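Listed below, chain by chain, are the residues.
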Amino acid sequence: MATFIYARVSKADRDSRGHQQTVDNQIHHIATTIPDCFMSVCDQGVSGTVHPLKRAGFSRLYSLAKRGDTIVIVGYDRLSRSTVDFLTMLDALNSKGVRLVSLRENIDTATAQGYLMATQFMSWAKYERDLISERTVTALKQRKASGVELGRKTTGDKAKAAQMLSEGCTVAAIVSQTGVSRATVFRMKKEANGQEAA
């Protein structure tokens with residue numbers, strides 16, 4: 001009966017205080033809490049939306065884990081950010097006789113109550129992510145409707161760039177003389193061509 005550590009970070013994972021999460025931090029946290037771990041397996045730079053069995057590290061861990069073994073994770077979001085994928089993996093591990101223990105949620109799926117709580121936590125986590133997404137979209141729509149320019153502020157002299165564009169100057173010349181980005185010049189060019197066609 002072995003105990004495995006599984007750690008995962010995507011490129012931009014941050015903890016609740018905004019600090020960058022690392023695989024090493026997760027492994028250290030688990031190893032100090034549960035010192036008798038057999039081995040650690042990690043997936044670095046992999047999104048939680050990728051199915052666990054499509055990740056090299058977890059796939060290897062899943063094939064190594066046998067009946068009676070335990071997989072310890074820092075939090076359920078390390079296994080998956082998809083409720084469906086999480087529940088599928090939870091069922092697969094349960095059928096295989098492998099326990100899943102999450103330190104953050106303090107839940108062990110070896111018991112009926114732990115299994116129930118794990119499914120509830122994932123449902124609430126998905127609900128929370130969906131609410132954040134809805135609020136962000138709503139806020140962006142409101143800001144756009146009130147005339148707030150979204151995105152990065154344009155640098156350089158847009159008026160001069162528009163004048164040079166109308167005079168037929170090259171994009172490279174406009175960028176070098178006005179400080180306006182290439183993307184902005186191309187967007188201005190596209191908008192100008194659209195107005196001429198109308």
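What counts, and at which threshold
- The residue numbers shown here count from 1 along each chain, following its written sequence.
- Per-residue local features are limited, in this predicted model, to residues with pLDDT of at least 70; the limit for side-chain atom pairs, both in listing and counting, is 80 or more; totals at the level of whole chains, interfaces and linings are taken over all residues.
- To get the side-chain values, all heavy atoms of the structure are used, and hydrogens and water are removed first.
- Per the convention used, a helix needs a DSSP run of H or I reaching at least four residues, while a strand needs a run of E reaching at least two, with both numbered from the N terminus.
- Burial classes: relative accessible area under 20% of the type maximum marks a residue as buried, over 50% as exposed, and values in between as partly exposed (1.4 Å probe, protein chains only).
- A 1.4 Å probe and the Shrake-Rupley method give the accessible areas. Residues count as covered only by the protein chains that appear here.
- In this tally, Lys and Arg are treated as positive and Asp and Glu as negative; His is ignored, and so are the chain termini.
- Each charge is placed at NZ for Lys, CZ for Arg, CG for Asp and CD for Glu.
- This arc describes the spread of directions from the helix axis toward the C-beta atoms.
- Contacts: residue pairs with any heavy atoms within 4.5 Å of one another.
- When DSSP finds at least two bridges between two strands, those strands are taken to pair.
- For helices, the axis comes from a line fit to the C-alpha atoms of the stretch in contact; other axes are also lines fit to C-alpha atoms, and the angle between any two N-to-C directions lies between 0 and 180 degrees.
- A pair is scored as a salt bridge if a Lys or Arg side-chain nitrogen falls within 4 Å of a carboxyl oxygen belonging to Asp or Glu.
- Take the buried residues of types Ala, Val, Leu, Ile, Met, Phe, Trp, Tyr and Cys, join any two whose side-chain atoms come within 4.5 Å, and each joined set is a nonpolar core.

Caption draft 1: Summary view of the overall build of the chain. When helices and strands are counted, the chain shows eight helices and five strands. Secondary structure of the chain in N-to-C order comes out as β-α-β-α-β-α-α-β-β-α-α-α-α. Along the three orthogonal principal directions, the C-alpha set of the chain runs to about 75 × 30 × 30 Å. Across the 198 residues that make up the chain, the buried fraction comes to 33%. Here the chain displays about 12,200 Å² of accessible surface, and carbon together with sulfur accounts for 55% of that area. Of the side chains in the chain, 28 bear a positive and 19 a negative charge, and the two mean positions are spaced by 4 Å.

Caption draft 2: Highlighting helix 2 (residues 56-64). Along helix 2, the positions that sit buried rather than exposed are Gly57, Phe58, Leu61 and Tyr62. Down the axis of helix 2, the sector holding all buried residues measures 130°, keeping them to one side. Considering only its buried residues, helix 2 is in contact with strand 1 (3-9), strand 2 (39-44), strand 3 (70-73), helix 3 (76-79) and helix 4 (83-96).

Caption draft 3: Just the sheet that holds strand 1, in detail. Here five strands make up an open sheet; going across it, the order is 2-1-3-4-5 and the pairing mixed. Here the strands that pair on one side only, and so sit at the sheet edges, are strand 2 and strand 5 (107-108). Bridging between strand 1 and strand 2 involves six bridges; their strand directions are parallel. Note on strand 2: the bridge partner recorded for Arg8 is Asp43. The strands touched by helix 2 are strand 1, strand 2 and strand 3; relative to strand 2, the strand with the most contacts, the crossing angle is about 150°.

Caption draft 4: Fine view of the side chain of Ser10. Relative to the helices and strands, Ser10 is located in the loop between strand 1 and helix 1 (23-33). Here Ser10 is in contact with Gly45, Val46 and Ser47, once residues within four sequence places are set aside.

Caption draft 5: Representation of the pattern of salt bridges in the model. Per the stated rule, a full pass over the model turns up five salt bridges. Residue Asp77 pairs with Arg104 through a salt bridge whose shortest N-O separation is 3.1 Å. In this pair, Asp77 sits in helix 3 while Arg104 sits in the loop between strand 4 (99-102) and strand 5, placing the two residues 27 residues apart along the sequence. Accessibility expressed as a relative area gives 16% for Asp77, which makes it buried.

Caption draft 6: The nonpolar core, seen in detail. Counting residues in hydrophobic clusters, the biggest one holds 21 residues, and the most contacted among them are Phe58, Ile71, Tyr76, Phe86 and Leu100. Of all the elements in the fold, those that place two or more residues in this core are strand 1, helix 2, strand 3, helix 3, helix 4 and helix 5 (112-145). Counting nine residues, the second largest nonpolar core, distinct from the first, contains Ala7, Val9, Ile30 and Val101.

Caption draft 7: Focus on helix 1. The set of residues buried in helix 1 consists of Val23, Gln26, Ile27 and Ile30. Looking down the long axis of helix 1, one finds its buried residues gathered within 95° of arc, a one-sided arrangement. Away from its buried face by more than 90 degrees, helix 1 exposes Asp24, His28 and Thr32. Tucked inside the fold, the buried residues of helix 1 contact strand 1, strand 2, strand 3 and helix 3.

Caption draft 8: Representation of the environment of Ile71. Its place among the elements puts Ile71 in strand 3. By relative accessible area, which is 0% here, Ile71 ends up buried. Linking Ile71 and Val98, residues 27 residues apart in sequence, is a C-alpha distance of 7.2 Å. Not counting residues within four places of it along the chain, the set of residues in contact with Ile71 comprises Phe4, Tyr6, Phe58, Leu61, Ala65, Leu93, Val98, Arg99, Leu100 and Val101.

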